[in-house]
Amino acid sequence: MSVVNQSTSPIPIISKLPGLDNLTQTGLIVIGVSLIILGIFAMSCYYFTKKRMKNYKSEQLKQYKIKYNRIDIKYDETGMFLPLGERIILLLPIFIGLVLFIIGIAWLTGSTLSTM
């Protein structure tokens, strides 16, 4: 006497979530499109983090020039690098944007990428 979930949801994951068994196709499309829009917005935030990284590098180079009394030197020649925290902040919008975009596509298609 095992109970089998007989949900008619087009996405298998949804049938496992409580309360989402009766979600209509329109609801799935709205969720999928909104996730894709959020993903595109998150990827567009990369511009601002890239600007922040350039400011960080220029400030770091300015301090290097003052400390070592060097005038004509480029950032790559100093051997300096971005700390891990700054690098994570730089790449976070791209990562979150791609994840949201892929989840949105999976919601719209009704299947995961492995079953497409």
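Up top is the structure.
Attention in this report is confined to the structure presented alongside it. Here the residue numbering is sequential within each chain, running from 1 through the sequence in written order. Given that the model is predicted, a residue must reach a pLDDT of at least 70 before its local features are reported, and side-chain atom pairs must reach 80 or more before they are shown or counted; all residues, however, enter totals for whole chains, interfaces and linings. Heavy atoms from the whole structure form the basis of all side-chain values; hydrogens and water molecules are not counted.

1. Here's the deal with the overall build of the protein chain
So, point 1. Put simply, DSSP marks the helices as runs of H or I at least four residues long and the strands as runs of E at least two long, and each gets a number from the N terminus on. Of the regular secondary structure elements, the protein chain holds five helices and zero strands.
So, point 2. Along the chain direction, N to C, the helices and strands of the protein chain fall in the order α-α-α-α-α.
So, point 3. Relative accessibility decides the category of a residue: with a 1.4 Å probe and only protein chains considered, values under 20% of the type maximum give buried, values over 50% give exposed, and everything between is partly exposed. Here the protein chain, with 116 residues, has 25% of them falling under the buried criterion.
So, point 4. Total accessible area on the protein chain is roughly 8,800 Å²; 66% of this is exposed by carbon and sulfur atoms. The protein chains shown are the only cover counted for residues, whose accessible areas, like all others here, come from Shrake-Rupley with a 1.4 Å probe.

2. A short note on the pattern of salt bridges
So, point 1. Only one rule defines a salt bridge in this text: a Lys or Arg side-chain nitrogen within 4 Å of an Asp or Glu carboxyl oxygen. In total, this model carries two salt bridges according to the counting rule given.
So, point 2. Measuring nitrogen to oxygen at the nearest pair gives 3.9 Å for the salt bridge that ties lysine 62 to glutamate 59. Taken together, the positions of lysine 62 and glutamate 59, both in helix H3 (residues 46–68) and three residues apart, correspond to about one turn of that helix.

3. Some words on the packing of helix H2 (residues 25–44) against H3
So, point 1. For helices, the fitted axis covers only the stretch in contact; all axes are lines through C-alpha atoms, and the angles between them, taken along N-to-C directions, range from 0 to 180 degrees. Running from amino to carboxyl end, H2 crosses H3 at an angle of 20°, the nearest separation of the two axes being 4 Å. Classified by the angle between their axes, H2 and H3 sit roughly parallel to one another. Judged by residue contacts, Ala42, Met43 and Ser44 of H2 engage Tyr46, Tyr47 and Phe48 from H3.
So, point 2. Polarity classes work like this: nonpolar for Ala, Val, Leu, Ile, Met, Phe, Trp, Tyr, Cys and Pro, charged for Asp, Glu, Lys and Arg, and polar for all others, with Gly in that last group. Broken down by class, the residue content of the contact of H2 with H3 amounts to five nonpolar, one polar and no charged. Oblique is the label for any angle not under 35 degrees, not over 145, and not in the 65 to 115 range, which are roughly parallel, roughly antiparallel and roughly perpendicular in turn. Contact between two residues is taken to exist if any of their heavy atoms lie within 4.5 Å; hydrogens are not considered.

4. With respect to the side chain of glutamate 86
So, point 1. As for its placement among the helices and strands, glutamate 86 is situated in helix H5 (residues 84–109).
So, point 2. The residues contacting glutamate 86, other than those within four sequence positions of it, are Arg52 and Tyr56.

5. Some points on a nonpolar patch on the surface
So, point 1. On the surface, Ile40, Met43, Leu91, Ile94, Leu98, Phe101 and Ile102 cluster together to form a nonpolar patch covering roughly 550 Å² of accessible area.
So, point 2. Mapped onto the nonpolar patch, the elements with two or more residues apiece are H2 and H5.
So, point 3. Looking at the nonpolar patch, the element that brings in the most residues is H5, giving five residues.
So, point 4. Looking at where leucine 91 falls in the secondary structure, it is placed in helix H5. Only residues whose relative accessible area exceeds 30% and that take part in no salt bridge are eligible for patches, with like-charged residues grouped when within 9 Å of each other and nonpolar side chains (Val, Leu, Ile, Met, Phe, Trp, Tyr) grouped when within 5 Å.

6. Quick notes on the environment of lysine 51
So, point 1. With respect to the helices and strands, lysine 51 occurs in helix H3.
So, point 2. Of the residues examined, lysine 51 reaches a relative accessible area of 43% and is grouped as partly exposed.
So, point 3. Taking the C-alpha atoms as reference points, lysine 51 and leucine 90, 39 residues apart in sequence, are found 9.4 Å from one another.

7. Quick look at H5
So, point 1. Multiplying 1.5 Å by the helix residue count minus one yields the expected span of that helix. With 26 residues, H5 should cover 38 Å at 1.5 Å per step; its first-to-last C-alpha distance of 36 Å lies within 8% of that length.
So, point 2. Along H5, the residues classified as buried are Glu86, Leu90, Pro93, Gly97, Gly104, Ala106 and Trp107.
So, point 3. Downstream of H5 by one or two residues, glycine 110 has phi in the positive range, about 80°.

8. Points about the packing of aromatic side chains
So, point 1. Between the rings of Phe, Tyr and Trp (Trp by its six-membered ring), a pair exists once the centres lie within 6.5 Å; its type follows the angle of the planes, with under 30 degrees stacked, over 60 edge-to-face, and the other angles tilted. All told, the structure shown has two aromatic pairs when counted by the stated rule.
So, point 2. Pairing tyrosine 47 with phenylalanine 48 gives two aromatic rings, centres 5.4 Å apart and planes at 75°, and the pair type is edge-to-face.
So, point 3. Phenylalanine 48 gets classed as exposed once you look at its relative accessible area, which sits at 55%.
So, point 4. Measuring from centroid to centroid gives 4.7 Å for tyrosine 64 and tyrosine 68, while their planes differ by 45°, and the two rings are tilted.

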